[in-house]
Number of protein chains: 2
Amino acid sequence: MSARILVVEDEAAIREMLCFVLNQQGFDVVQAQDYQSAVACLTEPYPDLILLDWMFPGGNGIGLAKEIKRNDYSKEIPIIMLTARGEEEDKVRGLEVGADDYITKPFSPKELIARIKAVLRRANPTCLADEIEIQGLKLDPVSHRVSLGGEQLNMGPTEFKLLHFFMTHTERVFSREQLLDQVWGTNVYVEDRTVDVHIRRLRKAITGLGHEKFVQTVRGSGYRFSIRV
Amino acid sequence: MSARILVVEDEAAIREMLCFVLNQQGFDVVQAQDYQSAVACLTEPYPDLILLDWMFPGGNGIGLAKEIKRNDYSKEIPIIMLTARGEEEDKVRGLEVGADDYITKPFSPKELIARIKAVLRRANPTCLADEIEIQGLKLDPVSHRVSLGGEQLNMGPTEFKLLHFFMTHTERVFSREQLLDQVWGTNVYVEDRTVDVHIRRLRKAITGLGHEKFVQTVRGSGYRFSIRV
DNA sequence: AGTAATTATGACAATAATATGACAATAATA
DNA sequence: TATTATTGTCATATTATTGTCATAATTACT
């Protein structure tokens, strides 16, 4: 049950960028480019969050925000406003009207995602809980648990992160360097070969009915998580 | 073997956005936020493409573009300029200096990727991470897999590279020397005849329903990958 | 057919890459 | 503070891959 996000933004390039980023993060995205189509999206299934451009044709953002907050069915939906840089007063007015947060254009994807998650966590934590399952191997980021055919699996935090990354990025080779960046985080000085060791630990941890085969070595390139053995 | 892209952009938010999108597409991304660090990135391993902001501190974009095109080692690297909207003259000047294309901010990820791929396809198709299929023979650089009619094929890294090169450069003879340059890399001292051996290994690996026939010997010249048997 | 040049092939040792087990250092937890 | 779990690194074992050779097979030419 991943979160459904309504993006209201008239400029196509920015809208596409927003949708791209949100999609990559696993959100369900609905787009609207004007007042009318935005209002049309306020029905079942309701979005869990609205990303709202301050200025857009067919009614300004604040107008739409007011409309949303007036309506009983939609007033609980959190709103994040998109404002142009430096327009401080807009932010203030936006928050007054009931926006839960705001983001300044241009925005970094990291910031965007962080703010969205923060708002969702406050408003509706369940829609962030996205359990991943691949052939009986279940990973639940919320409870921070991994199970295989109902059986709980034990592994260290690093193995968990590694598995989480793999399960959300299957069928793709990653070099040790990339894995270090993605799983350990940038600016971390760790030996390349250390990845090997954690790969082994992960394999050992998920060894069940051949599930360790999912973690595959690609000689000369790195590792891959693949269902196709 | 996926393309390495150097992003030169001072504004952190935009830079992060570019990197995010490019990373998702499987490119190797290197960042630079000023003239100095950009120049520092112009060494081994050279980027396959440079995304260059027109205006950035410590020297403008055109200055850096000129510098890149002046240097023998870097002048073959294609450049895509990032310009602010509406600055038509910038685009013209950029193209005059040797930029291969330009993108207007704000940009849609689709457009960005399309233009990058177009430029790379012209300059160096091997580093495009697109899946290639030729008569049931599939090579996917992203997952680093080769299959023939759905069946996985096994081969060593060198054979993989060789096949990748061939599949992106079909219907053309290459001398052993050329293959060594392109597949093994320059400055590698390897016997000419070694190519023969790898050709054999490649043929053996892709032997299916006569697919080994694609790898053809051109007596006295070298080898060719051709669909026409 | 005979010959020289060229390519194909199998075998092999050298090399490079990965797997693994052990260990001390560190961080987390009781 | 004591105890336990986790981490990163090393040394070593295990594989896979590489490049080269010797020899067989093929081709082109006389």
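About the criteria used
Think of each chain on its own: its residues are numbered from 1, step by step along the sequence as written. Naming scheme: in the order in which they are written, chains are lettered from A and ligands are numbered from 1. Where local features are concerned, this predicted model is filtered to residues with pLDDT of at least 70; where side-chain atom pairs are given and counted, the filter is 80 or more; whole-chain, interface and lining totals use all residues. Computation of side-chain values: all heavy atoms of the structure, hydrogens and water removed. Between the N-to-C directions of two axes lies an angle of 0 to 180 degrees, each axis being a line fitted to C-alpha atoms and, for a helix, fitted only over the stretch in contact. Per the convention used, a helix needs a DSSP run of H or I reaching at least four residues, while a strand needs a run of E reaching at least two, with both numbered from the N terminus. When describing relative orientation, an angle under 35 degrees is termed roughly parallel and one over 145 degrees roughly antiparallel, while 65 to 115 degrees is termed roughly perpendicular and anything else oblique. What makes two residues a contact is simply this: any of their non-hydrogen atoms within 4.5 Å. Residue classes follow a fixed rule: Ala, Val, Leu, Ile, Met, Phe, Trp, Tyr, Cys and Pro count as nonpolar, while Asp, Glu, Lys and Arg count as charged, and any other residue, Gly among them, counts as polar. Residues form patches when they are more than 30% accessible in relative terms and have no salt bridge. Like charges link within 9 Å. Nonpolar side chains (Val, Leu, Ile, Met, Phe, Trp, Tyr) link within 5 Å. Areas reported here follow the Shrake-Rupley algorithm with a probe of radius 1.4 Å; residue values treat only the protein chains shown as occluding. Salt bridges are defined as contacts in which a side-chain nitrogen from Lys or Arg sits within 4 Å of a carboxyl oxygen from Asp or Glu. Counted charges follow a simple rule, with Lys and Arg positive, Asp and Glu negative, and His plus the chain ends left uncounted. Think of each charge as sitting on NZ of Lys, CZ of Arg, CG of Asp or CD of Glu. Put simply, a residue is near a molecule or strand once any heavy atom of it comes within 4 Å of that molecule or strand. In protein, a polar contact means a hydrogen-donor-capable atom and an acceptor-capable atom, both N or O and within 3.5 Å, with residues adjacent in sequence counting only if both atoms are side-chain atoms; elsewhere, any N or O pair within 3.5 Å suffices. By buried area we mean the combined loss of accessible area, with a 1.4 Å probe, across both parts when two parts are placed together. Three exposure classes are used, based on accessible area relative to the maximum for each residue type with a 1.4 Å probe and protein chains only: buried under 20%, partly exposed in between, and exposed over 50%. By convention a nonpolar core is built from buried Ala, Val, Leu, Ile, Met, Phe, Trp, Tyr and Cys residues, the set being connected through side-chain atoms within 4.5 Å. What a helix should span is 1.5 Å times the count of its residues minus one. Only when DSSP finds a minimum of two bridges between them are two strands counted as paired.

Asker: Describe the packing of helix α1 (residues 12-24) of chain A against helix α5 (residues 109-123) of chain B, with residues and values.
Answerer: Where α1 of chain A meets α5 of chain B, the closest approach of the two axes is 8 Å, and the angle between their N-to-C directions is 90°. Taken together, the axes of α1 of chain A and α5 of chain B are roughly perpendicular relative to one another. For the pair α1 of chain A and α5 of chain B, contact is made by A13, E16, M17 and F20 of chain A and by P109, K110 and I113 of chain B, respectively. In the contact of α1 of chain A with α5 of chain B, the residues fall into 5 nonpolar, no polar and 2 charged.

Asker: Describe a negative patch on the surface, listing the residues and the values that go with them.
Answerer: Negative charge collects at one region of the surface, where E177, D181, E191 and D192 of chain A lie side by side. Within the element layout of this structure, D181 of chain A appears in helix α7 (residues 176-184).

Asker: Help me get a handle on the protein's contact with DNA strand D, residues and values and all.
Answerer: The full set close to DNA strand D counts 24 residues, and T158 and T194 of chain A together with T158, T194 and R201 of chain B are the nearest of them. Considering DNA strand D, the proportion of its atoms within 4 Å of the protein that are sugar or phosphate atoms stands at 65%. H198 of chain A is positioned with one of its side-chain polar atoms (N or O) 2.7 Å from a phosphate oxygen of DNA strand D. R219 of chain A places a side-chain nitrogen or oxygen 3.3 Å from a sugar or linking oxygen of DNA strand D. If you list the elements that add at least two residues to the surface near DNA strand D, you get α6 (157-168) and α8 (194-205) of chain A together with α6 (157-168) and α8 (194-205) of chain B.

Asker: Describe the interface of chain A and chain B, listing the residues and the values that go with them.
Answerer: Residue-level contacts link 28 residues of chain A with 26 residues of chain B. Summing the contributions of chain A and of chain B, the shared interface buries around 2300 Å²; its carbon and sulfur component is 56%. Interface area lost by chain A to chain B is led by M17, F20 and R172 of chain A, which between them contribute 24%. At the boundary of chain A with chain B, the tally comes to 1 salt bridge. In this structure, the salt-bridge partner of E171 of chain A is R145 of chain B, at a minimum N-O distance of 3.5 Å.

Asker: How would you explain the environment of L64 of chain A if you had to name every residue and give the values?
Answerer: Residues and elements named next belong to chain A. Looking at the element boundaries, L64 is found in helix α3 (residues 61-70). On the basis of relative accessibility, which here comes to 1%, the residue L64 falls in the buried class. Between the C-alpha atoms of L64 and F27, which are 37 residues apart in sequence, the distance is 22 Å.

Asker: Report on the side chain of D101 of chain B, specifying residues and quantitative values.
Answerer: All names here are of chain B. Within the secondary structure, D101 sits in strand β5 (residues 101-105). Relative accessible area serves as the criterion here: at 14%, D101 is assigned to the buried category. Polar side-chain contacts of D101 include one of 2.9 Å to the side chain of R115. Leave out the neighbours within four places in its chain, and D101 touches I79, I80, M81, L95, R115 and V119.

Asker: Explain the nonpolar core to me, using residue names and the numbers behind them.
Answerer: With 47 residues, the main nonpolar core has L51, L112 and I116 of chain A together with L51, L112 and I116 of chain B as its most contacted residues. Beyond its immediate chain neighbours, meaning those up to four positions away, I116 of chain A contacts I5, L22, F27, L49, L51 and I80 of chain A.

Asker: Run through the pattern of salt bridges, naming residues and quoting values.
Answerer: Enumeration over the complete set of coordinates arrives at 21 salt bridges over all chains. Ionic pairing is found between R70 of chain A and E67 of chain A, a salt bridge with its closest N-O pair at 3.2 Å. Of this pair, R70 of chain A and E67 of chain A are both found in helix α3, 3 residues apart, which corresponds to roughly one turn of the helix. Using a relative accessible area of 27% as the deciding quantity, one classes E67 of chain A as partly exposed. The closest approach of N and O atoms between D72 of chain B and K75 of chain B, which form a salt bridge, is 3.0 Å. Under the relative-accessibility criterion, D72 of chain B is labelled exposed at 56%.

Asker: Hey, could you go over α1 of chain A for me, with residue numbers and the actual values?
Answerer: Think of an α-helix as turning once every 3.6 residues; residues three or four places apart then point the same way. If you check α1 of chain A, its first and last C-alpha atoms are 18 Å apart, about what 13 residues at 1.5 Å a residue would give, namely 18 Å. At the exit of α1 of chain A stands G26 of chain A, carrying a positive phi of roughly 90°.

Asker: Any chance you could break down the sheet that holds strand β2 (residues 28-32) of chain A for me, citing the residues and the numbers?
Answerer: Pairing between sheet strands relies on hydrogen bonds along the backbone, with the strands arranged either parallel or antiparallel. Residues and elements named next belong to chain A. Sheet architecture is open: 5 strands sit in the order β2-β1-β3-β4-β5, paired in parallel fashion. Lying at the two open borders of the sheet, with one neighbouring strand each, are β2 and β5 (101-105). Each neighbouring strand pair of the sheet contributes to a mean axis angle of 20°, computed without reference to strand direction. Seen against the sheet, α3 touches β1 (4-8), β3 (49-53) and β4 (79-84) and runs at an angle of roughly 155° to β3.

Asker: An account of the protein's contact with DNA strand C is needed here, citing residue identities and associated values.
Answerer: With respect to spatial proximity, 22 residues lie near DNA strand C, and among them R176, T217 and Y223 of chain A together with T217 and Y223 of chain B are the closest. Between a phosphate oxygen of DNA strand C and a side-chain N or O atom of R176 of chain B, the distance comes to 3.5 Å. Between DNA strand C and Y223 of chain B, the relevant distance is 2.5 Å, taken from a phosphate oxygen to a side-chain nitrogen or oxygen of the residue. Elements represented by at least two residues in the surface near DNA strand C include exactly α8 and β11 (215-218) of chain A together with α8 and β11 (215-218) of chain B. Split by residue class, the surface near DNA strand C holds 4 nonpolar, 4 polar and 14 charged.

Asker: Pulling in residues and values, what's your account of the pairing of β3 of chain A?
Answerer: Residue and element names in this part refer to chain A. Within β3, 5 of the 5 residues are buried, which leaves it mostly tucked inside the rest of the structure. The two faces of β3 match: L49, L51 and D53 on one face and I50 and L52 on the other face are all buried. Where β1 meets β3, 4 bridges bridge the pair, whose relative direction is parallel. Along β3, the bridge assignment pairs V7 with L51.

None of this, on its own, says anything about what the molecule does.
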